[in-house]
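# Structural characterization, general
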Amino acid sequence: MPSEIPNSAMQEAAGHKSGFVAIVGRPNVGKSTLLNQLLGQKIAIVSPKPQTTRNRITGIRTTAGSQVVFLDTPGIHRAHSLINRRMVEVAMKSLREVDGVLWLVDVREGIRKEDNDVAATLRDSRATTLVLLNKIDLVSKGKLLPLMAQCSVLLPEREIIPISALKGENLPLVLDRIEKLLPEGPRYYPEGEVTDQTERFLAAEIIREKIFLRTREEIPYGTAVSIDEFTEKEEKNLVVITATIHTDRESHKPILIGKKGAMLKEIGTQAREELEALLGCKIFLELFIRVDRGWTQDPNALTELGL
Ligand SMILES: Nc1nc2c(ncn2[C@@H]2O[C@H](COP(=O)(O)OP(=O)(O)OP(=O)(O)O)[C@@H](O)[C@H]2O)c(=O)[nH]1
Ligand SMILES: [Mg+2]
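Residues numbered from 1 in each chain as written. Chains lettered and ligands numbered in written order. Predicted model: local features only at pLDDT ≥ 70, side-chain atom pairs only at ≥ 80, totals over all residues. Heavy atoms only, no water.

## Considering the overall build of the protein
For clarity, the threshold we go by: Put simply, DSSP marks the helices as runs of H or I at least four residues long and the strands as runs of E at least two long, and each gets a number from the N terminus on. We take the radius of gyration over the C-alpha atoms and set the globule estimate at 2.2 Å times the residue count to the 0.38 power. Residue burial is assigned from relative accessible area. The probe radius is 1.4 Å, only protein chains are included, and a residue is buried under 20% of its type maximum, exposed over 50%, and partly exposed in between. Whether two residues are in contact is decided by their heavy atoms, any of which lying within 4.5 Å being enough. Where accessible areas are quoted, they stem from the Shrake-Rupley method and a 1.4 Å probe; at the residue level, only the protein chains shown are allowed to cover. For the charge count, each Lys or Arg is scored as positive and each Asp or Glu as negative, with His and the chain ends excluded. A single reference atom marks each charge: NZ on Lys, CZ on Arg, CG on Asp, CD on Glu.
Of regular secondary structure, the protein possesses nine helices and nine strands. What you see for the protein is a C-alpha radius of gyration of 20 Å, in line with the 19 Å of a compact globule of 307 residues. For the protein, the spread of C-alpha atoms along the three principal axes comes to 55 × 45 × 35 Å. The burial tally for the protein puts 53% of its 307 residues in the buried class. Sequence-distant contacts, at least 24 apart, represent 72% of the contacts inside the protein between residues at least 6 apart. Counting only carbon and sulfur atoms, one obtains 50% of the accessible surface of the protein, whose full area is about 14800 Å². For the protein, the centre of its 42 positive side-chain charges and the centre of its 42 negative side-chain charges are spaced 6 Å apart.

What follows is the structure, encoded as structure tokens:
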């Protein structure tokens, strides 16, 4: 249980259930999409590219009788670079701290080597694992049976549920099973709190998502976003945000700026519009680009950028 949770949150009626549930799986299987759907609100960024999520993202779902704290995690893969190794560590560490695990497999991709490693960890875990075969909207039902058989060999006696995180298919069943695995426990967070991420972090993530959606090849992977200023001007219902996009190569800078600044402008406009909807106020967003050669391989730079 996180130590910062106040005692006042512990006053609960008997029979109340609560716990922590990690969402894990290979990159791009739909973990963040699932988190957002289970919460009914977007709190984790999503893109068609693998390795979009870099940190552990907390999402809280409160009902009359229960509270689940979901932990969305970076995709687990055989990582070589330092940044990717750190991301995989975040995911593997999350597995040790939870009551339940949602293990996602992309039905089009099936089981790969990396999945065997995770399955081995889950076999020994005290957490209840649900195996979720995701993206069933993309394949015919007949394709599911061999994969289900494979999963039941890898992780015997775990429930396997085919879902579509994107379309919401079978998610009520998943929520029902999560409710059943939760131990009795208090409400850790006040009702209405959906995440413990700061507005600064959310702003940096939303900018990073727009970069992931708009740039190609290695550019998104060499990019990080830091927030330099986040000032609320209450009298004007305005938030002033200044952010820096860090790129690890000089040659990426002109691409991120675009012709006559078009790319940077588009990233900024899209991020601003989403932030305005999220925070319910006007946003003044200014973006800068800085070349930080090799930051993805530099332990200190990674720590500074929250990785
Ligand atoms: N058709 C379909 N697409 C999906 C489904 N779930 C997720 N996707 C898509 O798959 C892509 C990856 O989704 P994410 O939620 O970012 O995946 P992730 O597992 O969080 O990825 P990483 O953070 O990179 O590990 C996005 O383009 C999603 O729209 C699904 O059920 N059906
Ligand atoms: Mg993700």
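So that's the structure; there's more coming.
## A closer look at the site of ligand 1
What counts here: We call a residue near a molecule or strand when any one of its heavy atoms sits within 4 Å of it. Here a polar contact is recorded for every N or O atom pair within 3.5 Å, except that within protein the pair must consist of a potential hydrogen donor and a potential acceptor, and residues adjacent in sequence are included only if both atoms are side-chain atoms. Under this grouping Gly is polar, as are all residues other than the nonpolar Ala, Val, Leu, Ile, Met, Phe, Trp, Tyr, Cys and Pro and the charged Asp, Glu, Lys and Arg.
The environment of ligand 1 is made up of 23 residues, and the closest members are Lys31, Thr33, Gln51, Thr52 and Asp137. Between ligand 1 and the protein, one listed contact pairs an oxygen atom with a backbone N or O atom of serine 32 at 2.9 Å. A distance of 2.6 Å separates an oxygen atom of ligand 1 from a polar atom in the side chain of threonine 33. If one sorts the elements of the shell around ligand 1 by residue count, helix α1 (residues 31-39) sits on top with three residues. Class assignment for the residues of the shell around ligand 1 results in eight nonpolar, 11 polar and four charged.

## Side note on the coordination of the magnesium ion (ligand 2)
Six octahedrally arranged donors around a metal ideally form angles of 90 or 180 degrees; four tetrahedrally arranged donors ideally form angles of 109.5 degrees. Our working definition: Donor atoms are limited to N, O and S found within 2.8 Å of the metal ion, a distance that becomes 3.2 Å for Na, K and Ca. With water left out, some sites might look partial.
Only Ser32 (OG) and Thr53 (OG1) from the protein coordinate the magnesium ion (ligand 2), and they sit 2.0 to 2.1 Å from it. Of this pair, serine 32 sits in helix α1 while threonine 53 sits in the loop between α1 and β2 (57-62), placing them 21 residues apart in sequence. The exposure class of serine 32 is buried, given its relative accessible area of 8%.

## Overview of the domain arrangement of the protein
What counts, and what does not: Note: domain ranges come from an automatic or database domain assignment. We define buried area as the total accessible area lost by two parts upon association, computed with a 1.4 Å probe and summed across both. One speaks of a salt bridge when a side-chain nitrogen belonging to Lys or Arg is within 4 Å of a carboxyl oxygen belonging to Asp or Glu.
What the domain assignment reports for the protein is domain 1 (12-181) and domain 2 (199-304). Its C-alpha centre places domain 1 at a distance of 28 Å from the equivalent point of domain 2. If you look at the interface, domain 1 gives 18 residues, while domain 2 gives 23 residues. When domain 1 packs against domain 2, the two sides together hide about 1600 Å² of surface, and 54% of this comes from carbon and sulfur. Interface area lost by domain 1 to domain 2 is led by Ile45, Lys49 and Arg54, which between them contribute 36%. At the junction of domain 1 and domain 2, the tally comes to two salt bridges. For the interface between domain 1 and domain 2, the tally reads 12 residue pairs in polar contact (both at pLDDT 80 or more).

## Focus: the sheet that holds strand β5 (residues 128-134)
For clarity, the threshold we go by: The criterion for strand pairing is that DSSP finds at least two bridges linking the strands in question. Helix axes are fitted to C-alpha atoms over the stretch in contact, other axes to C-alpha atoms as well, and angles between N-to-C directions run from 0 to 180 degrees.
Taken together, the six strands give an open sheet; going across it, the order is β2-β3-β1-β4-β5-β6, and neighbouring strands pair in mixed fashion. In this open sheet, the two strands that pair with only one neighbour each are β2 and β6 (160-162). With strand direction ignored, the average angle separating the axes of adjacent strands in the sheet is 25 degrees. Here β5 runs beside β6; their pairing, made up of three bridges, is parallel. The residue of β6 that forms the bridge with leucine 133 is proline 162.

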